[in-house]
Amino acid sequence: MTTVGESRPGRQDQAGRQDQVGGQDQVGGQDQAGPRDAGAIRIRLDEALAARGMTLTELSERVGITVVNLSILKNGRARAIRFSTLAALCAELGCQPGDLLAYNNG
């Protein structure tokens, strides 16, 4: 399980938890999503960055998410992404969520 926190100090959800890129709902320490959900969605950050001639470091500085956390997204190790993070990426990259997300059907 990979949980990735954003680098936005003071940003917390209603329960007082720090906003996270890869946060997950858990019951008894287990993810609620089943095992077949794990790799079905892919983040196409590499393609988006290459198309814009932007580096991961540049994107990190512009959206306020650490390079390490963006790398986890880029390399497919994140299990979840918050809508606020997806929105920030889309705003900076000038794209739609569907441009960054791909579903691998089998």
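Residues numbered from 1 in each chain as written. Predicted model: local features only at pLDDT ≥ 70, side-chain atom pairs only at ≥ 80, totals over all residues. Heavy atoms only, no water.

**Digging into the confidence of the model for the protein**
Predicted confidence across the protein gives a mean pLDDT of 78, with 63% of residues reaching 70 or more. Note on residues 22–31: pLDDT is under 50 here. Beyond four places in sequence and across chains, it has 20 contacts. (pLDDT = per-residue confidence, 0-100. Contact = heavy atoms within 4.5 Å.)

**Points about helix 3 (residues 67–74)**
Every buried residue belonging to helix 3 is among Asn 69, Leu 70, Ser 71, Ile 72 and Leu 73, and all of these are buried. Looking at the buried side of helix 3, the elements it contacts are strand 3 (41–43), helix 1 (45–52), helix 2 (56–63) and helix 4 (83–93). In the stretch just after helix 3, Gly 76 is the one whose phi turns positive, near 75°. (Buried < 20%, exposed > 50% of the residue type's maximum accessible area, 1.4 Å probe, protein only. Helix = DSSP H or I, 4+ residues; strand = E, 2+ residues; numbered from the N terminus.)

**Examining the nonpolar core**
In terms of nonpolar packing, the biggest core is built from 19 residues, with Leu 45, Leu 49, Leu 59, Leu 70, Leu 89, Leu 93 and Leu 100 touching the most fellow members. For this core, the secondary structure elements donating two or more residues are helix 1, helix 2, helix 3 and helix 4. Element by element, the count of residues in this core is highest for helix 4, at four residues. Residue contacts for Leu 93: discarding those within four places in its chain leaves Leu 45, Ala 48, Leu 49, Arg 52, Met 54, Leu 59 and Leu 100. (Core = buried A, V, L, I, M, F, W, Y, C linked by side-chain atoms within 4.5 Å.)

**Examining helix 1**
Residues separated by three or four positions in an α-helix point in the same direction, a consequence of the helix having 3.6 residues per turn. Turning to helix 1, its buried residues are Leu 45, Ala 48 and Leu 49. What you see down the axis of helix 1 is that its buried residues fit within an arc of 95°, all on one side. Turned more than 90 degrees away from the buried face of helix 1 sit Ala 50 and Ala 51, all of them exposed. Taken from the residues just after helix 1, Gly 53 is the one with a positive phi, measuring 65°. (Arc of directions from axis to C-beta.)

**Section: the packing of helix 2 against helix 4**
Two elements in contact, helix 2 and helix 4, have axes whose closest approach is 10 Å; the angle formed by their N-to-C orientations is 115°. On the basis of their axis angle, the class for helix 2 and helix 4 is roughly perpendicular. Between helix 2 and helix 4 lies a crossing whose hand is right-handed. In this structure, helix 2 uses Leu 59, Arg 62 and Val 63 to contact helix 4, whose residues at the interface are Ala 88, Leu 89, Glu 92 and Leu 93. Within the contact of helix 2 with helix 4, the residues separate by chemical class into five nonpolar, no polar and two charged. (Axes fitted to C-alpha atoms, helices over the stretch in contact; angles between N-to-C directions. Parallel < 35°, antiparallel > 145°, perpendicular 65-115°, else oblique. Left-handed = near helix turned anticlockwise from the far one by under 90°. Nonpolar A, V, L, I, M, F, W, Y, C, P; charged D, E, K, R; others polar.)

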